[in-house]
Structure formats: structure tokens, C-alpha cells
Amino acid sequence: MKRRALLQTAAAASLLGATPFLRAQGSLQRFKFNLGWKVEASGAGFVLAAARGYYRQAGLDVAVDTGNGSAAAISLVATGAYDAASADLGTMIEFNTNNPASKLSAVAIQYDLNPNAVIVRKDGPIRSAADLAGRTIVGQPYNASRKMFPVLAKAQGFDPSGVKWENVAPDIGYTRFVKGDFDALAIFYFTGLLNLKSRGMGADQLRAFRYSELGVNSYGNGIVAAPKPMAESPEAMRAFVKASTQGWVEAIADPRAAASALKARDPLLDEAIELERLQLIIDTTMDTPATRRDGWGAATTPRLQATIDETVAAFGLASRLPIADMWTDRFLPAPADRRLKA
């Protein structure tokens, strides 16, 4: 009897420790998160965390919703429609500079290496990034690769002002690019490469100018949050970041399981394509020496400063934010909880 009582007490203590909001409120706490894009491999860690119940175990009822690009996601967080979102940090810095009363903060780094890219046909006239000057490029105004294009131009020493931007829906843009209507696509590397493959244009036919390989030191996407949920529900934010970190650490360790979770969320997905896309994400943005050293979600001061400096210079912003006005590590889990698996 004593042993049974001890086991029951230990189990109850474990449950209460894992689900603080259940204990405090008697129900799950609502938390709204925007993926910043549609359901695909770029959101795999968040979808896996939801599928495996990590958010619920942390006491959260998380709505993981689709988005329409970084700029739109940032606006949704700033207006209070969402507690947090996955969004490009350069776009967030621009927003913070122009909206000092509504500054957002990144609470975790999603892409250690910047995934922004411009993709061209390998047999075309564009051989270097500088050859993009004066070309016609598909890229919507909310598209992070378009918004951060001046950073690439500055790093490569060409004038971006002569580029003609075509604002067409992404699906139409891919199809017309394959037909030869446009010179280039500004898009996340892994998004463009795999979406073009599904339309019959393989990687062997393409040349990709990845910002991270061409002098751009900025971080890519991070989890961004508004001051209100961070101030009013810090434990909820901390629980969300920890569960999301667990989801991404496990997605990196087992991409097949993550691709399966994506397929369960959206049965219309091509699971093989999303698995290939996820492996590209892991290999080119996440499984890096820095992430291996510091864990998923962490940031360093030099890279944060580079993200600010590159954005300010490329966008011609009037002021330069201090790091504290765009980043906080107080919601990150312990190093052991964000360490990548061998």
C-alpha cells in the first residue's frame, strides 16, 4: 500500500510538473501560432510537436495555422491575432524600426543559415548574382526573399533598383517560370527547388543563389512574439518554445516521422516531396556547427548584430535597433533540451 501511494504521488507530481496550466487553470491554455506559410516541411517541427502531443503535455491548446509570408505573419502577431509566428527576422527588424510602439521579439531561431534564395535556369544568361541586375524576378511583396533582396545585392555589389518585380501568385509564378516567362524566382531555397521539381524542372536544370553562401550573415526565420503575450503569459510562451524545440529536435533526428505528421495534417501533400524538402531544410539551414554547439533556437551576439546591420543598410532604415529590441533568450529551454541528437 505504501509503495502504491508513493507511485501515485510521484505520478501526480510528474503530471502537475509537466502541465502547469492544467494545474493552475483546470484547462488547457489557448495559444495561437502562425506557420508563416502553408503546411509543408518548413513547419514540420511545429506540426510534429502538435501530433505527438507536446503542446498539450505542456498545458497548451495550440492552434497551428497556415500563413501567407513573413510580412503578413508579423502583422498578425503585432495586431494580437496570433501569439507568435514563424517569420523572417530581417522583415521583423524593418517592422520594429517603423513601428517602435509595437516591437516584436524573436524568442528562438528557426533557421541558423538564411534560406532566402534567387533561382534561375542553369542554361540561361544569369551566371552570377550580379547578373540579376535589371532582370525580371517573381516575388510577392510579402515574400522574405524579395524583401531581403537588397541585402544580397549589397553583399554582391550590384544595384537592386533596376529589377522588375512580378507580383503573381506563387503557384502561377512557378508555372510561368518553367515556361520561360520570367528570368528568376525569389523564394526560400527549399521551397522553390522542390516546387519546381514537382512541375518537371529538376535541380540539374537550375542554379540557385543562396543568400547564406553569398555574403549574407543574417539569421533566417525565428519564432517571433509580441510584447503582450510575453508579458502576460510568460509561462505559456516558455512552454510553447520548449515544446516547439522538442518538435524540431525530433524532426531533425527523424525526418520520416515529421513528413508523416505533415501528411496526416494535410492528406493532399506529396509526402515524398515534403520529406526531400525537410532534408534540404535540415542540411542547409539547421544542422550547422553553430546549432550543434549551442542547440536549436539559440543565437549569438555577432550573428544578431549582423542581422540588424545588414537589414538596416539594405533597407535604408533611419535607425539601428539594439539587440534587446529584437531578441530575447529568456524563453529558451535549457541547453540539454535543445541539443541536437547524434
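Here the residue index of a chain counts from 1 through its sequence in written order. Reporting in this predicted model follows two pLDDT cut-offs: at least 70 for local features of residues, and 80 or more for side-chain atom pairs to be given and counted; totals over whole chains, interfaces and linings ignore these cut-offs and use all residues. To get the side-chain values, take all heavy atoms of the structure and skip hydrogens and water.

## Details of the pattern of salt bridges
Move 1: Salt bridge, as used here, is a side-chain nitrogen of Lys or Arg placed within 4 Å of a carboxyl oxygen of Asp or Glu. For the structure on display, the rule yields 17 salt bridges.
Move 2: Two residues, arginine 30 and aspartate 61, come together in a salt bridge whose shortest N-O distance is 3.3 Å. With a gap of 31 residues between them, arginine 30 in strand S1 (residues 29–34) and aspartate 61 in strand S2 (residues 60–65) connect regions that are remote in the sequence.
Move 3: Lysine 164 is the salt-bridge partner of glutamate 166, the closest N and O atoms lying 3.6 Å from each other.
Move 4: Residues participating in the shared-partner salt-bridge network are Glu40, Glu274 and Arg277. Helix numbers and strand numbers start at the N terminus; a helix is a DSSP run of H or I with at least 4 residues, a strand a run of E with at least 2.

## Here's the deal with the layout of surface pockets
Move 1: Cavities and pockets are found on a 1 Å grid laid over the protein atoms alone: a cavity is a set of points where a 1.4 Å probe fits but cannot escape, a pocket is an open set with protein on both sides within 12 Å along at least five of seven lines, and a lining residue has an atom within 4 Å of such a point. Grid points are joined across faces, edges and corners, and a volume is the space filled by probe spheres set on the points. In this model, the second largest pocket occupies a volume close to 260 Å³.
Move 2: Considering the residues around the second largest pocket, the lining is formed by 14 residues, among which Lys38, Asn195, Leu269, Glu274 and Arg277 are closest to the centre.
Move 3: Of all the elements, helix H14 (residues 271–286) adds the most residues to the lining of the second largest pocket, at three residues.
Move 4: Asp, Glu, Lys and Arg are counted as charged, while Ala, Val, Leu, Ile, Met, Phe, Trp, Tyr, Cys and Pro are counted as nonpolar; the rest, among them Gly, fall into the polar class. Residues of the lining of the second largest pocket, tallied by class, amount to four nonpolar, two polar and eight charged.

## Describing the nonpolar core
Move 1: By convention a nonpolar core is built from buried Ala, Val, Leu, Ile, Met, Phe, Trp, Tyr and Cys residues, the set being connected through side-chain atoms within 4.5 Å. Partly exposed describes any residue whose relative accessible area lies between the buried limit of under 20% and the exposed limit of over 50%, with all areas from a 1.4 Å probe on protein chains only and scaled to the type maximum. Ranked by internal contacts, the top residues of the largest apolar core, which has 110 residues, are Phe33 and Leu132.
Move 2: Sorting elements by how many residues they give to this core places helix H12 (residues 234–253) first, with ten residues.
Move 3: Here a residue-residue contact requires only that any non-hydrogen atoms of the pair lie within 4.5 Å. Each residue touching leucine 132, except ones within four places of it in the same chain, is listed here: Val118, Val120, Ile126, Ile137, Phe149, Leu152, Phe158, Val163, Ala184 and Phe209.

## So, helix H13 (residues 255–265)
Move 1: Every buried residue belonging to H13 is among Pro255, Ala257, Ala258, Ala259, Ala261 and Leu262, and all of these are buried.
Move 2: If you follow the buried residues of H13, they end up packed against helix H3 (44–51), H12 and H14.

## Section: empty space enclosed by the protein
Move 1: The final tally for this structure, using the stated rule, is three cavities of 30 Å³ or more.
Move 2: Space inside the largest cavity adds up to approximately 250 Å³.
Move 3: Lining the largest cavity we find 20 residues, and of these Gly36, Trp37, Gly69, Ser70 and Phe188 sit closest to its centre.
Move 4: Of all the secondary-structure elements, those providing two or more residues to the lining of the largest cavity are helix H7 (144–147) and strand S8 (184–188).
Move 5: Of the residues contributing to the lining of the largest cavity, the split by class is eight nonpolar, eleven polar and one charged.
Move 6: Volume-wise, the second largest cavity comes out at about 100 Å³.
Move 7: If you go around the second largest cavity, you meet 17 residues; those closest to its centre are Asp112, Ala290, Thr291, Gly295 and Ala298.
Move 8: If you list the elements that add at least two residues to the lining of the second largest cavity, you get H14 and helix H15 (289–294).
Move 9: The greatest single-element share of the lining of the second largest cavity, amounting to four residues, is contributed by H15.

## Focus on the packing of aromatic side chains
Move 1: Any two of the Phe, Tyr and Trp rings considered here, Trp counted by its six-membered ring, make a pair once their centres fall within 6.5 Å; the pair's planes then place it as stacked at under 30 degrees, edge-to-face at over 60, or tilted in between. Scanning all chains against the criterion turns up eleven aromatic pairs.
Move 2: Between the aromatic rings of phenylalanine 33 and phenylalanine 240, the centroid separation amounts to 5.0 Å while the plane-to-plane angle is 45°, which identifies the pairing as tilted. Taken together, the positions of phenylalanine 33 in strand S1 and phenylalanine 240 in helix H12 put the pair 207 residues apart, joining distant regions of the chain.
Move 3: Consider the rings of tyrosine 55 and phenylalanine 240, whose centres lie 5.3 Å apart with planes at 10°: the pair is stacked. With tyrosine 55 in helix H4 (residues 54–57) and phenylalanine 240 in helix H12, this pair connects stretches of sequence that are 185 residues apart. Residues tyrosine 55 and phenylalanine 240 agree in their burial class; the two are buried.
Move 4: A connected cluster of aromatic rings, assembled from ring pairs, spans Phe31, Phe33, Phe46, Tyr55, Phe240, Trp248 and Trp296.
Move 5: Two conditions define a charge located above a ring, namely a distance within 6 Å from the ring centre to NZ of Lys or CZ of Arg, and an angle within 35 degrees of the ring normal. Residue placement shows lysine 32 over the ring face of tyrosine 82; its charged tip is 4.6 Å from the ring centre.

## Description of the environment of alanine 239
Move 1: Tracing the backbone through its elements, the reader meets alanine 239 in helix H12.
Move 2: The spatial distance from the C-alpha of alanine 239 to the C-alpha of threonine 175 is 41 Å, given a sequence separation of 64 residues.

## Some words on the sheet that holds strand S3 (residues 84–88)
Backbone-to-backbone hydrogen bonds join strands into a sheet, with any given pair of strands oriented parallel or antiparallel.
Move 1: Strand order in the open sheet made by the five strands is S2-S1-S3-S10-S4, with mixed pairing throughout. Lying at the two open borders of the sheet, with one neighbouring strand each, are S2 and strand S4 (105–109). Averaged over neighbouring strand pairs, the angle between their axes works out to 30° when direction is ignored.
Move 2: Paired strands are those between which DSSP finds at least two bridges. Of the pairings in the sheet, the one linking S3 to strand S10 (residues 221–225) comprises five bridges and is antiparallel in character. Residue pairing across strands places serine 86 opposite isoleucine 223, the latter belonging to S10.
Move 3: Here helix H6 (residues 89–98) sits on the sheet and contacts S3, S4 and S10; the angle it forms with S3, its principal contact strand, is near 105°. Note on method: axes are straight lines fitted to C-alpha atoms, helices fitted across the in-contact stretch only, with angles between N-to-C directions ranging 0 to 180 degrees.

## Observations regarding the sheet that holds strand S5 (residues 116–121)
Move 1: As summarised here, the arrangement of the five strands in space is S7-S6-S8-S5-S9, forming an open sheet in which the pairing is mixed. Each end of this open sheet is capped by a strand with a single partner; those strands are strand S7 (164–166) and strand S9 (206–210). Within the sheet, the average angular offset between the axes of one strand and its neighbour, ignoring direction, is 30°.
Move 2: For S5 and S9, the ladder comprises five bridges, and the chain directions are antiparallel. Bridge assignment links arginine 121 to a residue of S9, and that residue is leucine 206.

Keep in mind that these numbers describe shape and distance, not what the molecule does.
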